[in-house]
Amino acid sequence: MTRSRRTTAAVLLTLTLPLGAATTITAPPSAAADRTAADRTAADRTAADQTVAIPRPTGRHAVGRDVLHLVDEKRRDPWVPAAGARELMVSMYYPARGGGDAVPYMTVEEAALLLKGLKLDTAYTAAQLSNVRVNARSGARPAAGRHPLVLLSPGFTLNRATLTTLAEELASKGYVVALVDHAYESFGAAFPGGRTLTCVACRTIESAPTDAAGRELLAKTARGRAADLSFVIGELTRTGGHRPSWKRWKMIDPRRIGAAGHSLGGNAAATVMAADRRVRAGANLDGTFFAPIPASGLGRRPLLMIGTKAGHSPGSADQTWRQAWQRLDGWKRWLTVADSGHFTFIDLPVLGGQLGMTDPSAPLPGKRSGEITRAYVGAFFDRHLRGEREPLLDGPSAANPEVAFQNP
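Quick summary incoming for the structure in this document. Not measured: the values here are computed from a predicted model.

Criteria and thresholds
- Residues numbered from 1 in each chain as written.
- Predicted model: local features only at pLDDT ≥ 70, side-chain atom pairs only at ≥ 80, totals over all residues.
- Heavy atoms only, no water.
- Axes fitted to C-alpha atoms, helices over the stretch in contact; angles between N-to-C directions.
- Helix = DSSP H or I, 4+ residues; strand = E, 2+ residues; numbered from the N terminus.
- Parallel < 35°, antiparallel > 145°, perpendicular 65-115°, else oblique.
- Left-handed = near helix turned anticlockwise from the far one by under 90°.
- Contact = heavy atoms within 4.5 Å.
- Nonpolar A, V, L, I, M, F, W, Y, C, P; charged D, E, K, R; others polar.
- Buried < 20%, exposed > 50% of the residue type's maximum accessible area, 1.4 Å probe, protein only.
- Pairing = 2+ DSSP bridges.
- Right-handed = clockwise from strand over helix to strand, strands pointing away.
- Disulfide = S-S within 2.5 Å.
- Polar contact = N/O pair within 3.5 Å; in protein donor to acceptor, adjacent residues only side chain to side chain.
- Arc of directions from axis to C-beta.
- Salt bridge = Lys/Arg side-chain N within 4 Å of Asp/Glu carboxyl O.
- Phe/Tyr/Trp six-rings, centres within 6.5 Å; stacked < 30°, edge-to-face > 60°.

So, about the packing of helix α5 (residues 164–172) against helix α12 (residues 366–386). Following both chains from N to C, one finds α5 and α12 inclined at 45°, their axes separated by 10 Å at the closest point. In terms of orientation, α5 lies oblique with respect to α12. Crossing of α5 over α12 shows right-handed handedness. Contacts between α5 and α12 involve Thr165, Leu166, Glu169 and Leu170 from the former and Arg374, Val377, Gly378 and Phe381 from the latter. Each residue belonging to the contact of α5 with α12 can be placed in one class, and the counts come to four nonpolar, two polar and two charged.

Laid out in structure tokens, this is it:
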């Protein structure tokens, strides 16, 4: 398929970046996008001042959160080599018994850069986004026992906070969750020393001379993220050959590790499975397989693919899912969600729905977006990291008519 050079960046990146995601959360008519903040009516300002919140998790545990800054001294940053070693920020969510202090959703600067990058800064304020209420608490007392570990990687351009709904849900159900920010791969991510790193990777990929070159850069990014996730596993467990970097490392059962991610993060989850046998199960949330599944499969390990009906049904433009499906050699599911959009599987529709914001091209309500994502991803890991029977994964459910099971 031939495309003009003029469209290269836009066509490539809409598969991972939400360029075109300016409509993913569209303000209601009373907050028309062509007005400046100074022109908003009193009603608009009232809407902007509403407090929004991450939904309360469904599990029995309270949720704790720690934040780690990890540095892989063995690798140089691929986007800014002059910066030195590869840096990661990791939010560690864990099942807790209560207590602790409130934590922020993201910094104001992270929020401002995210909204500007998504062209949502006329409909939603940085202060409002940064002040989203979360359920996790810093310093919460950890629950007893050892728990499966799930690593989460966000979509390209998006910071790790955008997967908070899923991270808190899994922690409430008894998982330790490592939610990772990859340096220079989001519109803005806060690092120690007052630094907020921006998306150098975006500019590099957008300047690729051809579609093929851009796709190869995205594949390279997915493989780099897989290396990041393997490094995090080593830092959190004794498999790294040294004392773990997280003070609560004894909560983790290193025999039960999974990975999941949104968009390019979903590709990274499958890619780390191919490279690292410690990862027993993976889930790809609407991500193109720029880095393909190996022809030999994933060693009979399970993979969940869940995506939009429009973009990831059999016969849709993204044929990487069909190739992945054919190569998977273990338990597998290919699910599509009707009326969904690329952001359905992250926080933004959930939060926007609380303000009456919708995407006309993806009318699935924000509340349902969160419920479907939590239910199916949670059931997947319960089945494959805990060995629990999960009928939800066996076929269509009357409770979830939006979800179709594909078997091309």
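Moving on to the pairing of strand β10 (residues 281–285). Side-chain direction in a regular strand flips from residue to residue, so the side chains alternate between the two faces of the sheet. Within β10, five of the five residues are buried, leaving the element largely enclosed by the surrounding structure. Residues of β10 alternate between two faces, with Ala281, Ala283 and Leu285 on one and Gly282 and Asn284 on the opposite face, all of them buried. By the bridge criterion, five bridges tie strand β9 (residues 252–262) to β10 in an arrangement that is parallel. Within the sheet, the bridge partner assigned to Gly258 lies in β10 and is Ala281. In this view, the connection linking β9 to its parallel neighbour β10 by way of helix α8 (residues 264–275) has right-handed handedness.

Right, let's talk about the state of the cysteines for a bit. Defined simply, a disulfide is a covalent bond joining two cysteines at their sulfur atoms. Taken as a whole, this structure holds one disulfide when the rule is applied. Cys199 shares a disulfide with Cys202; S-S distance 1.9 Å. The chirality of the disulfide connecting Cys199 with Cys202 is right-handed, given an S-S dihedral of about 75°.

What follows is about the side chain of Asp77. Mapping Asp77 onto the fold places it in the loop between β1 (62–76) and β2 (85–96). There is a polar contact of 2.8 Å between the side chain of Asp77 and the backbone nitrogen of Trp79. Within the local environment of Asp77, its side chain forms a polar contact with the backbone nitrogen of Val80, the two atoms lying 2.8 Å apart. Not counting residues up to four positions away in its chain, the partners in contact with Asp77 are Gly84, Ala85, Arg86, Ala183 and Tyr184.

Turning our eyes to something else, we now look at helix α3 (residues 108–117). Here α3 has its buried residues at Glu110, Ala111, Leu114 and Leu115. For α3, the angular spread of buried residues about the axis comes to 125°, placing them on one side. Next to the buried residues of α3 lie α4 (126–130) and β7 (189–191). Taken from the residues just after α3, Lys119 is the one with a positive phi, measuring 60°.

On inspection of all chains with the given rule, the structure shows 20 salt bridges. Between Arg160 and Asp181 there is a salt bridge; the shortest N-O distance is 2.8 Å. In this pair, Arg160 sits in the loop between β5 (147–153) and α5 while Asp181 sits in strand β6 (residues 176–182), placing the two residues 21 residues apart along the sequence. Pair check on accessibility: Arg160 and Asp181 agree, each one buried. What emerges from the salt-bridge pattern is a single network uniting Asp72, Arg75, Asp77, Arg86, Glu185, Arg225 and Asp228.

Attention now goes to the packing of aromatic side chains. Under the counting rule described, the total for this entry stands at seven aromatic pairs. Residues Phe289 and Trp321 carry aromatic rings whose centres are separated by 6.3 Å and whose planes lie at 65° to one another, so their mutual orientation is edge-to-face. A residue pair is termed long-range when its members are at least 10 positions apart, and Phe289 in the loop between β10 and β11 (303–308) and Trp321 in helix α10 (residues 320–327) qualify at 32 residues. Residue Phe289 shares its accessibility class with Trp321, and that shared class is buried.

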